[in-house]
Amino acid sequence: MSDSELARLYDDMAREHLTPLWKLESSILPPVPCPKSVAWLWKWKELFDVASRSGRLVTIERGGDRRAVALSNPGLGGAPYATPTLWAAVQWLNGHEVAPAHRHTAQAVRFIIDGRGGYSTVQGDKVYLGRGDMVINPPWYWHDHGSDADEPTIWMDGLDIPLNNYLDANFFEPHAGEQQAVTQVLDGSVMKYGVGQLRPAWEPRSDRYPPIFAYKWELTERALLNLSRVDSSPFDDVALEYTNPHTGRSVMDTISCWIQMLRPAAHTQAHRHTSSAVYYVFEGRGATVIDGIRFDWEQGDMFVVPSWAAHEHLNALNDQRAVMFSIHDTPVMAALGKYREEPLPSSGGRQKVTGRFDSTRVQRANSEAP
Ligand SMILES: [Fe+2]
Ligand SMILES: [Fe+2]
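Residues numbered from 1 in each chain as written. Chains lettered and ligands numbered in written order. Predicted model: local features only at pLDDT ≥ 70, side-chain atom pairs only at ≥ 80, totals over all residues.

## Focus: the overall build of the protein chain
- A tally of helices and strands in the protein chain yields eight helices and 23 strands.
- Against the 2.2 N^0.38 benchmark of 21 Å for 370 residues, the protein chain shows a C-alpha radius of gyration of 22 Å, consistent with a compact globule.
- With the principal axes as the frame, the protein chain shows a C-alpha extent of 80 × 50 × 45 Å.
- Burial statistics for the protein chain: of 370 residues in total, 38% are counted as buried.
- Pairs at least 24 residues apart make up 78% of the contacts formed inside the protein chain by residues separated by at least 6 positions. (Helix = DSSP H or I, 4+ residues; strand = E, 2+ residues; numbered from the N terminus. Rg over C-alpha atoms; globule rule 2.2 N^0.38 Å. Buried ≥ 20, exposed ≤ 12 C-beta atoms within 10 Å, placed from the backbone. Contact = placed C-beta atoms within 7 Å.)

Listed below in structure tokens is the structure:
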């Protein structure tokens, strides 16, 4: 075959919208995952600053139902996504405000950062929320939020919006009224199902989604402290996944949620896995080393660990615990047969630290790139 014949072959392929695999095998079938998203950290100081200013300047109204500020991973070309599968945001609700009722097929969770007197109503079940409470929102369940207090309520949102849109599966519907009717007694699902190992004897199991809409901090903290007395993970220290108490499954089909305690001076071993995660630092001060870069964090900060990035966590304080809430796309990877996990064999499970994360320096390096 002559060069001109080969050139004509490629021209014909291009005209017919056909592509030869042998030209791009290494990019679409790489030997290991090559995530576009990057490890990143957002400081609470900045998150609080922009969220509180949004609270002063932006009203909540139909068409803009939620005052949520999304983490936009710099590796994702300006998309408002923390990872290719996860949306994470800080949501700000002013005192006496209402975020109107709607429903969507995107699956959602919320972790309360601050506020008293804030509440969520999910499918008729109204629950008052406090710091450390975790709320789930199964797909197509009506939900609205409000506050009876003077001060704002602030929480972290976690949704599968990127995945949902990638799959062309998003539906959204506003409720006819600003708030849905409350159909149960206050805190109904917490009172009925809050002690997870017991359920009303006459009811069937809730197989698909947890029957409880709010996981209260008091019970979560007790479980963490109890676990710390009997067991821990070399990679995560004391870590618990929130589950459907009837099945043991993750709270959502697409998102798993963790609460994790690093005991004083704890330093975990490094591992990596094919799932991405977003962390919120609930308490304490420490660092996570991600692919050799040290990300120092303190209370309120949020950070991303991309797929297949080596990571280890450490508590920088000798006399205080560190606590992190996190969301993961692990259920998606596991359900699709794509989950893989391995410890890092190097030097006793710890990485060599080659730098410290500095968002200004990394941003400058990006903007100087050709
Ligand atoms: Fe929503
Ligand atoms: Fe991990």
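## Section: the nonpolar core
- With 71 residues, the main nonpolar core has Ala-88, Val-109, Phe-111, Val-278, Tyr-280 and Met-302 as its most contacted residues.
- Non-local contacts of Tyr-280, meaning those with residues more than four positions away in its chain, are made with Phe-111, Met-156, Met-302, Met-324 and Phe-325. (Core = buried A, V, L, I, M, F, W, Y, C linked by C-beta atoms within 7 Å.)

## Focus: the confidence of the model for the protein chain
- For the protein chain, per-residue confidence averages 94 on the pLDDT scale, and 96% of positions sit at 70 or higher.
- Predicted confidence for residues 363-370 stays below pLDDT 50, and this span has one contact to residues more than four positions away or in other chains. (pLDDT = per-residue confidence, 0-100.)

## Section: the sheet that holds strand β5 (residues 108-114)
- Read from one edge of the open sheet, six strands run β2-β3-β10-β5-β8-β12, paired in antiparallel fashion. Each having just a single partner strand, β2 (68-70) and β12 (214-215) make up the two edges of the open sheet.
- Judged from the three bridges that link them, β2 and strand β3 (residues 87-93) form a sheet pairing that is antiparallel. Residue pairing in the sheet places Ala-68 in a bridge with Gln-91 of β3.
- Taken strand by strand, helix α3 (residues 44-57) contacts β2, β3 and β10 (153-159), and its axis lies near 50 degrees from that of β3. (Pairing = 2+ DSSP bridges. Axes fitted to C-alpha atoms, helices over the stretch in contact; angles between N-to-C directions.)

## Structural notes on the sheet that holds strand β11 (residues 172-174)
- Pairing is antiparallel in the open sheet, where five strands are placed in the order β7-β6-β9-β4-β11. Edge strands, defined here as strands with exactly one partner in the open sheet, are β7 (125-129) and β11. This sheet shows a mean twist of 25 degrees between the axes of neighbouring strands, independent of strand direction.
- With five bridges joining them, strand β6 (residues 118-122) and β7 adopt antiparallel strand pairing. Along β7, the bridge assignment pairs Thr-121 with Lys-126.

## Focus on the pairing of strand β16 (residues 277-283)
- The element β16 is largely enclosed, with a buried count of six among its seven residues.
- Pairing analysis gives four bridges linking β16 to strand β19 (residues 302-305), with the strands arranged antiparallel. What sits directly across from Tyr-280, in β19, is Met-302.

## So, unusual backbone geometry
- Within the chain, Asp-237 stands out as a residue other than glycine whose phi angle is a positive 55 degrees.
- Looking at the element boundaries, Asp-237 is found in the loop between α6 (217-230) and β13 (238-241).
- For Asp-237, a count of 21 C-beta atoms within 10 Å corresponds to the buried category.
- Unusually for a residue other than glycine, Asp-291 sits at a positive phi of about 45 degrees.
- Note that Asp-291 resides in the loop between β17 (285-290) and β18 (293-298).
- Residue Asp-291 is classed as partly exposed on the basis of its 17 C-beta neighbours within 10 Å.

## A closer look at the environment of Val-278
- Here Val-278 lies in strand β16.
- By C-beta crowding, Val-278 is classed as buried, having 26 other C-beta atoms within 10 Å.
- When sequence neighbours within four positions are dropped, the list of residues in contact with Val-278 reads Leu-71, Ala-82, Thr-83, Leu-86, Ala-88, Gly-158, Met-302, Val-304, Ser-326 and Ile-327.

## Quick notes on helix α1 (residues 3-15)
- With 13 residues, α1 should reach 18 Å at 1.5 Å per residue; the first-to-last C-alpha distance of 18 Å fits that figure.
- For α1, the tally of buried residues reaches only zero of 13 residues, placing the bulk of the element at the surface.
- Directly beyond the C-terminal end of α1, a positive phi value near 55 degrees is found at His-17. (Expected span 1.5 Å × (residues − 1).)

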